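# Overview (structure and organization)
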Amino acid sequence: MALTARELADRSACSVERIEELVGLGILVPHDVDGPFSPKDVHRVRLMKAFEDAGIDLDLIARGVAAGKLYLPEPAALSQTAEELAVEVGRSPELVARLLREFGVAQPEPDGRLREDEVANLRELLEVWAVADDDELARLARVYGQNILKVVASDLELAGATIFARLRQEGYTNEEMREVAGAAGLRLMSLGDQLMLWLRGRHLEHEILAVTVQTTEDYLQELGLAPKRTPSPPAIAFLDLTGYTALTEERGDEAGADLADRLATLVHEAARPHGGNPVKWLGDGVMFHFDDPSAAVLTGLDLVEQTPAAVDVRARVGINAGNVIYRDGDYFGRTVNVASRIADYARPGEVLVSGEVQARWGGDGVRFEEIGPVALKGLREELTLYAASRA
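Here's a quick rundown of the structure.

### Quick word on the environment of Leu 100
Relative to the assigned elements, Leu 100 resides in helix H6 (residues 93-103). Looking at Leu 100, the relative accessible area reads 2%, which means it is buried. Residues Leu 100 and Ala 138 lie 38 residues apart in sequence; the distance between their C-alpha atoms is 9.2 Å.

Given below as structure tokens:
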């Protein structure tokens with residue numbers, strides 16, 4: 001299928017003058033004097049826009065292409081339209097477009113056609129999850145899109161700052177650098193795919209084992225072969241770092257990034273031995289989920305003790321226990337809100353817990369000093385809090 005300059009401009013959302021400019025630079029090469037252009041040229045026009053948005057001079061791109069030093073990637077092959085795929089799987093074209101948005105990938109071409117890999121994966125998704133409604137499918141796509149984007153962005157940032165930066169320092173010629181960096185890039189991409197599959201399998205295995213143990217225990221209790229246990233509600237903990245943002249701004253970007261790395265290491269090393277899960281980062285703090293309130297207390301004490309040496313600021317922790325709602329990797333509900341307010345009330349170096357947490361303490365080595373009742377911001381009733389410390 002051939003395109004005139006006007007058709008190419010329309011599909012690329014630009015002017016005919018822009019097409020003529022790219023032809024003059026040698027970035028677009030018409031098949032004859034009057035055109036036509038290839039549909040693949042739409043991708044090249046959009047790629048040039050991305051280069052300019054990034055502050056890269058197109059003259060440099062043109063010289064690199066002309067000298068054979070710069071390779072511009074070809075677009076992926078196109079397949080069905082969103083409407084055709086929707087008819088095939090019995091869903092709406094609006095859902096197809098919504099899923100692409102939630103995954104965080106580009107929308108269909110102006111003629112509505114999707115990439116072959118998009119069609120294959122969307123078709124499988126919509127067949128496997130046929131019983132799910134539109135909102136449930138959108139949630140699933142959002143979780144995958146947001147989390148995998150974080151992994152990919154972190155992977156590329158770290159590779160650029162370490163592997164490729166060191167390669168540039170080793171004195172390779174441009175040709176050698178292209179070859180070495182290209183080989184390294186391919187291995188990095190392959191490793192990333194391998195790690196995602198491996199870790200997904202390991203985490204899935206862990207979750208399946210946990211569900212199997214729980215359902216087996218429930219079945220044994222129904223048969224009267226195992227004693228019923230009083231269920232313990234989960235706990236939510238908030239770590240707040242007084243002055244952390246001000247410290248990172250004072251020390252600059254590099255030092256701030258180093259502090260963030262040290263904090264991440266501390267958070268995971270403190271929480272994981274006690275079965276804690278860091279849920280999300282909140283500027284000056286972190287939110288955690290624990291199956292056992294006692295484990296949350298021990299982690300909180302570890303954090304307030306270790307934080308000053310690790311990141312040069314003091315920490316305070318607030319913990320509450322109770323029912324929570326889990327959705328898209330996050331927790332919601334009154335238990336979460338109260339834990340956050342308790343952390344706000346705590347002083348630097350202090351671990352404050354609710355009465356629900358104190359009542360469920362199941363170990364030794366910790367004492368609780370009653371504080372309160374106190375009025376917490378946003379809550380109608382006063383709460384009796386307890387300051388936890390090493391016994």
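### Side note on the packing of aromatic side chains
Enumeration according to the criterion identifies three aromatic pairs in this entry. Plain terms: the ring middles of Trp 361 and Phe 368 are 5.9 Å apart, the flat faces sit at 65° to each other, and that makes the pair edge-to-face. Taking the relative accessible area as the measure of exposure, Trp 361 reaches 18% and is therefore buried. The class for Phe 368 is partly exposed, based on a relative accessible area of 21%.

### Quick look at a nonpolar patch on the surface
Side chains of Tyr 144, Ile 148, Val 151, Val 152, Leu 156 and Met 196 sit close together on the surface and give an oily, nonpolar patch of about 510 Å² of accessible area. Top element by residues in the nonpolar patch is helix H8 (residues 134-161). It accounts for five residues. Looking at the element boundaries, Ile 148 is found in helix H8.

### A word on the environment of Leu 122
Among the structural elements, Leu 122 can be located in helix H7 (residues 116-128). Along the primary structure Leu 122 and Gly 224 are separated by 102 residues, whereas in three dimensions their C-alpha atoms are 47 Å apart.

### What about the nonpolar core?
Of all hydrophobic cores here, the largest spans 34 residues; its most connected members are Leu 239, Phe 288, Val 297, Ile 319 and Val 351. Looking at this core, the elements with two or more residues in it are strand S3 (235-241), helix H11 (244-251), helix H12 (253-271), strand S5 (285-290), helix H13 (293-311), strand S6 (315-321), strand S9 (351-354) and strand S11 (383-390). Tallying contributions element by element places H13 first for this core, with seven residues. In contact with Leu 239, other than residues within four places in its own chain, are Val 267, Asp 284, Gly 285, Val 286, Phe 288, Leu 303, Ala 315, Arg 316 and Val 317.

### Digging into the pairing of S9
Because side chains alternate across S9, one face comprises the buried residues Val 351 and Val 353, and the other comprises Leu 352 and Ser 354, equally buried. Bridge count for S6 against S9 is three bridges, and the pairing is parallel. In the sheet register, Ile 319 faces S9, and the bridge partner there is Val 353. Relative to S11, S9 runs antiparallel, the two sharing four bridges. From the neighbouring strand, Val 351 faces S11, where its bridge partner is Ala 388.

### So, empty space enclosed by the protein
The rolling of a water-molecule-sized probe over the atoms marks out the regions of remaining empty space. A full pass over the atoms with the stated rule returns one cavity of 30 Å³ or more. Counted as a void, the largest cavity has a volume near 30 Å³. Considering the residues around the largest cavity, the lining is formed by Ala 237, Phe 238, Leu 239, Phe 288, Phe 290, Ala 296, Thr 299, Gly 300, Leu 303 and Val 317. Listing elements by their share of the lining of the largest cavity, those giving two or more residues are S3, S5 and H13. Per-element accounting of the lining of the largest cavity gives the leading share, four residues, to H13. Of the residues contributing to the lining of the largest cavity, the split by class is eight nonpolar, two polar and no charged.

### Details of H11
For H11, every residue scored as buried is listed here: Tyr 244, Leu 247 and Thr 248. Looking straight down H11, one finds its buried side chains confined to an arc of 95°; they lie on one side. Away from the buried face of H11 by more than 90 degrees, exposed residues Glu 249 and Glu 250 are located. Looking at the packing, one finds that the buried side of H11 touches S3, H12 and H13.

### Brief notes about the side chain of Ser 354
Its location among the elements puts Ser 354 in strand S9. A relative accessible area of 2% means that Ser 354 is categorised as buried. Side chain to side chain, Ser 354 and Asn 320 meet in a polar contact 2.7 Å long. With near-sequence residues (within four places) excluded, Ser 354 lies in contact with Ile 319, Asn 320, Ala 321, Ile 342, Thr 384, Leu 385 and Tyr 386.

### A few points about unusual backbone geometry
Its identity as a non-glycine residue notwithstanding, Ala 13 has a phi of 60°, on the positive side. The topology assignment puts Ala 13 in the loop between helix H1 (5-12) and helix H2 (16-25). Overall, the relative accessible area of 72% leaves Ala 13 in the exposed class. Positive phi, normally seen in glycine, also occurs at Asp 312, with a value near 65°.

### Remarks on the pattern of salt bridges
When their charged atoms lie close together, side chains carrying opposite charge are able to pair. This structure, assessed with the given rule, holds 16 salt bridges. Residue Arg 115 is joined to Asp 117 by a salt bridge in which the shortest nitrogen-to-oxygen separation is 2.8 Å. Residues Asp 240 and Arg 316 are paired through a salt bridge, measuring 2.9 Å at the closest nitrogen-oxygen approach. Placement of the pair is Asp 240 in strand S3 and Arg 316 in strand S6, with a sequence separation of 76 residues. The pair Asp 240 / Arg 316 is uniform in exposure class, with both members buried. By sharing partners, the salt bridges in this structure join Arg 18, Glu 21 and Glu 52 into a single network.

Cut-offs and rules
- Residues numbered from 1 in each chain as written.
- Predicted model: local features only at pLDDT ≥ 70, side-chain atom pairs only at ≥ 80, totals over all residues.
- Heavy atoms only, no water.
- Helix = DSSP H or I, 4+ residues; strand = E, 2+ residues; numbered from the N terminus.
- Buried < 20%, exposed > 50% of the residue type's maximum accessible area, 1.4 Å probe, protein only.
- Phe/Tyr/Trp six-rings, centres within 6.5 Å; stacked < 30°, edge-to-face > 60°.
- Patch = residues over 30% accessible without salt bridge, like charges linked within 9 Å, V, L, I, M, F, W, Y side chains within 5 Å.
- Areas by Shrake-Rupley, 256 points an atom, 1.4 Å probe, with all protein chains shown as cover.
- Salt bridge = Lys/Arg side-chain N within 4 Å of Asp/Glu carboxyl O.
- Core = buried A, V, L, I, M, F, W, Y, C linked by side-chain atoms within 4.5 Å.
- Contact = heavy atoms within 4.5 Å.
- Pairing = 2+ DSSP bridges.
- 1 Å grid on protein atoms, 1.4 Å probe; cavity = no way out; pocket = protein on both sides within 12 Å on 5 of 7 lines; lining within 4 Å.
- Points joined across faces, edges and corners; volume = space filled by probe spheres on them.
- Nonpolar A, V, L, I, M, F, W, Y, C, P; charged D, E, K, R; others polar.
- Arc of directions from axis to C-beta.
- Polar contact = N/O pair within 3.5 Å; in protein donor to acceptor, adjacent residues only side chain to side chain.

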